[in-house]
Structures are given as structure tokens and as C-alpha cells.
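# Structure at a glance
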Amino acid sequence: MSYAIPASLLKVDLNPGKTPILHVDTPGNASAWAADHRHALRTLAAEHGALLVRGLYLRDADRASGVLRGLAPALMTDREAFAPRRIHTPGVYSTSAWPPNQPMCMHHELSYTLQPPGLMLFACLTAPTTGGATAIADAAAVLEALPIELVQRFEQEGWLLSRTYNDEIGAPYSEAFGTDDRGAVEDYCRAGGIECDWQPDGSLRTRQRRPAVTVHPVTGRRCWFNQVAFLNEWTIEPEIREYLVDVYGAESLPFNTRFGSGDPIGPDIIQLLNNTYAAHTAREPWRAGDLMLVDNVRTAHSREAFQGPRDVLVAMAEPLSPAPWPQAGETSTG
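Residues numbered from 1 in each chain as written. Predicted model: local features only at pLDDT ≥ 70, side-chain atom pairs only at ≥ 80, totals over all residues. Heavy atoms only, no water.

This part is about the packing of helix H1 (residues 30-48) against helix H2 (residues 61-71). Interhelical geometry of H1 versus H2 gives an angle of 35 degrees and a closest axis separation of 7 Å. Crossing hand, H1 versus H2: right-handed. Together, Ala-30, Ser-31, Ala-34, Ala-35, Arg-38 and Leu-41 of H1 and Arg-63, Gly-66, Val-67, Gly-70 and Leu-71 of H2 make up the contact between the two elements. Residue composition of the contact of H1 with H2, grouped by class: six nonpolar, three polar and two charged. (Axes fitted to C-alpha atoms, helices over the stretch in contact; angles between N-to-C directions. Helix = DSSP H or I, 4+ residues; strand = E, 2+ residues; numbered from the N terminus. Left-handed = near helix turned anticlockwise from the far one by under 90°. Contact = heavy atoms within 4.5 Å. Nonpolar A, V, L, I, M, F, W, Y, C, P; charged D, E, K, R; others polar.)

Bringing the state of the cysteines into the picture now. Overall, the coordinates contain zero disulfides when judged by the stated rule. No disulfide involves Cys-223; its nearest neighbouring cysteine sulfur is the one of Cys-105, lying 18 Å away. (Disulfide = S-S within 2.5 Å.)

Taken together, four strands build an open sheet; the order of strands is S11-S12-S10-S15 and the sheet is antiparallel. Two strands in the sheet have a free side with no partner beyond their single neighbour: strand S11 (195-198) and strand S15 (255-259). Averaged over all adjacent pairs, the angle separating strand axes in this sheet is 15 degrees, with direction ignored. Where strand S10 (residues 159-165) meets strand S12 (residues 204-210), seven bridges bridge the pair, whose relative direction is antiparallel. The residue of S12 that forms the bridge with Ser-162 is Arg-207. (Pairing = 2+ DSSP bridges.)

Residues Glu-237, Glu-239, Glu-242 and Asp-246 make up a contiguous surface patch of negative charge. Within the secondary structure, Glu-242 is located in helix H7 (residues 238-248). Judged by its relative accessible area of 49%, Glu-242 falls in the partly exposed class. (Patch = residues over 30% accessible without salt bridge, like charges linked within 9 Å, V, L, I, M, F, W, Y side chains within 5 Å. Areas by Shrake-Rupley, 256 points an atom, 1.4 Å probe, with all protein chains shown as cover. Salt bridge = Lys/Arg side-chain N within 4 Å of Asp/Glu carboxyl O. Lys, Arg positive; Asp, Glu negative; His and termini not counted. Charge placed at Lys NZ, Arg CZ, Asp CG, Glu CD. Buried < 20%, exposed > 50% of the residue type's maximum accessible area, 1.4 Å probe, protein only.)

Another aspect to go through is helix H8 (residues 267-279). In this model H8 runs 18 Å from its N-terminal to its C-terminal C-alpha over 13 residues, within 8% of the 18 Å that 1.5 Å per residue would give. Looking only at H8, the buried set comprises Ile-269, Ile-270, Leu-273, Asn-274, Thr-276 and Tyr-277. For H8, the buried positions fall inside an angular range of 155 degrees around the axis, keeping them on one side. For H8, the exposed residues set more than 90 degrees away from the buried face come down to Asp-268, Ala-278 and Ala-279. (Expected span 1.5 Å × (residues − 1). Arc of directions from axis to C-beta.)

Across the sheet, which stays open at both edges, the four strands sit in the order S6-S18-S9-S16 with antiparallel pairing between neighbours. Each having just a single partner strand, strand S6 (104-107) and strand S16 (281-282) make up the two edges of the open sheet. Of the strand pairs in this sheet, strand S9 (residues 136-138) and S16 are connected by two bridges, and their pairing is antiparallel. Counted as the bridge partner of Ile-136 is Ala-282 from S16.

The next point concerns the pairing of S11. On a regular strand, one side chain projects to one face of the sheet and the next to the other, so that they alternate. Looking at chain direction, S11 and S12 are connected through four bridges and run antiparallel. Bridging across to S12, Trp-198 finds its partner in Leu-204. With antiparallel pairing between neighbouring strands as the criterion, S11 and S12 make up a hairpin whose turn holds five residues, including Gly-202 at a positive phi of roughly 95 degrees.

Across all of its chains, the model carries nine aromatic pairs by this definition. Between Phe-82 and Phe-230 the ring centres are 5.1 Å apart and the planes differ by 85 degrees, which places this aromatic pair in the edge-to-face class. One end of the pair, Phe-82, is in the loop between H2 and strand S4 (87-89); the other, Phe-230, is in the loop between strand S14 (222-224) and H7, with 148 residues separating them in the sequence. Residue Phe-230 is classed as buried on the basis of its relative accessible area of 3%. Geometrically, the ring pair formed by Phe-177 and Tyr-188 is edge-to-face, given 5.3 Å between the ring centres and 70 degrees between the ring planes. Of the two residues, Phe-177 sits in the loop between helix H5 (173-176) and helix H6 (182-191) while Tyr-188 sits in helix H6, which places them eleven residues apart along the sequence. According to the relative accessible area criterion, Phe-177 is buried, its value standing at 5%. (Phe/Tyr/Trp six-rings, centres within 6.5 Å; stacked < 30°, edge-to-face > 60°.)

Counted by the stated rule, this structure contains 17 salt bridges. The residue Glu-155 makes a salt bridge to Arg-222 at a minimum N-O spacing of 2.7 Å. Of this pair, Glu-155 sits in helix H4 (residues 148-157) while Arg-222 sits in strand S14, and the two are 67 residues apart along the sequence. Among the residues examined, Glu-155 registers a relative accessible area of 33% and is labelled partly exposed. For Arg-207, the salt bridge is made with Glu-195, and the minimal N-O distance between the two is 3.3 Å. One end of the pair, Arg-207, is in strand S12; the other, Glu-195, is in strand S11, and twelve residues separate them in sequence. Owing to a relative accessible area of 30%, Glu-195 belongs among the partly exposed residues under this scheme.

Here's what the structure looks like:
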């Protein structure tokens, strides 16, 4: 179903290398405004891949949470997070805990889950002094720019994510799965096509294979949709990677990615993926009070390194239908 966009929302600023921006002036009931215009705003986000809305004055968590719920009443519960988040209200979280001086490279949120969100919502309460933009990249353009042989291999095999949950690096399994009941964790993994093994020290190792390319549910365009580069060991700063390998061992890193066949992905490929993202990146620095909608299939997003305080809330909505393959234990037939 399509929705008519009010004339007041048609003046979206479109500039090369910049996130599309819609300027509004809503100092009053921002939640009601968001609910009244959610279909139009979602249409604009789908059309442009992302939309930054400036002028909603989202400077406190209550006002921002109300707007996020107005845009998407059925917010998703975060599961399988790779790093800890603070819960502000059910469905509204802080951004993932990550060192400010370390960028989070381009990725599609929770693309390794069976039902990743189709829509990401961000609200900036406090903007950093420098840096910290939530940059975006067109996933269809990235796919078209990658070497066809590499794309074909990933389409044939998918990609493999391995994780070792511990209480030191990343989200502990009790937080990632929402329970410390081992039986419940095993049930979740079984339902999600995830191989899981408990280690003698109490840590948990998991492996899951997912498609690397998907089709946009509305436009039908093929999109590069994964976290192959973001969660790979070669994206980590060299000295940090060496430390993690020394502490945990090469096969027990907190997270790592491989080809779906299990073959390692070399640093040259990871560099190629990150360079391709960089060539298709657009950004707009956060201002306190900004709102941002991101189509999580069409558009990858990142978090750039920053200085100063940065407080951005995040919510997820519109879970996608599970992909028909691959499931844990399957072997590539390509």
C-alpha cells in the first residue's frame, strides 16, 4: 500500500555525500506528530534509503522514546546483540557500547539473526563534539560495485558467524539471549539454526550461517546484506586483534566471520569490502534533537569515531521474514 506524502514533507534536502534531511518545526507534541506522519516518513525513508528529520527537539529520553513509539508502535526486543546496550524503555536502547576512538564500520543491524529489523530508528539526545556521525551506504550500489566472482561465492555459500560469549568482551550470553537459563538458550539456538556448544569454563560458542545477499521486500532490488566485514577479525585494529588472539586463541575470538563453507576470509577481501563501503558513504553530523530513520535492508550504517559526550537512542521495528536458508549443520552444495 502506498501513502500520499503531505506537501509539508516533500522538501527533502538531497546533496551528494550527505544524508537526506527533512527540516520540520515541531516544538509541541512530537509523539503525536510522529504518529500522524509515520507512514509518510517511512515512505520517504524507503525512497531515499534513510532520512534525517531535524526540528523535533528530541533532547530528553522520554520525548525521544515517545517519538520512536509513534513511528513504530511495535518495537522489537534486541536479541543476539554483539555488544551491551542500556535499556531506556522496552524496545528503546542506547547504542552499542563501543570505544569512542574505534569506528564501527558499515553493517546491517542484526543481519545474522533469522528476523532482522527492516527499520532502524535513531534519536540524538546529545551530539558529540567532533565525529560520531551515523553514516550510511546504499547496499544495492555496494553490491553492484563488488567483483562478480566474490558476490557469486557469497551468494552460493552465504557467510558464517562464529561467536564466543564471555563476560569480558561483547555482550554476555545472558544479555544477548535475554536469559541465563542454558536450556532456554539452547532452545533459542535450535529454533534459530544456530549451533551452540558450552565450554568447560562456562562460556558459550555459537556458529550460524546466513545469506549474504537479500532482496528488498518492497522494491525487489538485490542488496548486499550482512556483517561480514564488521564482525571479522581483520577489521579490528591490528594491536587489538593481536591481544584478542593472545588471550582467547585464534579459534575462540569473541566474534569472527568466514565464508559459508568455513574457509577463512583474508584481510584483502575485508579491506575490499570496507573500501567499497567507503566509496558509497554519505553522512551528516548529528545535532542534538535529530531523528533518523534507516531502511535496514537497502542501507548499511556505521558509527564514526568521536570525541565528547554522545547520547543516541536506538529502536528496531518491522522484523523481516526468515530467510529459507541456510540452517546450522547444512553443507554448501555449490
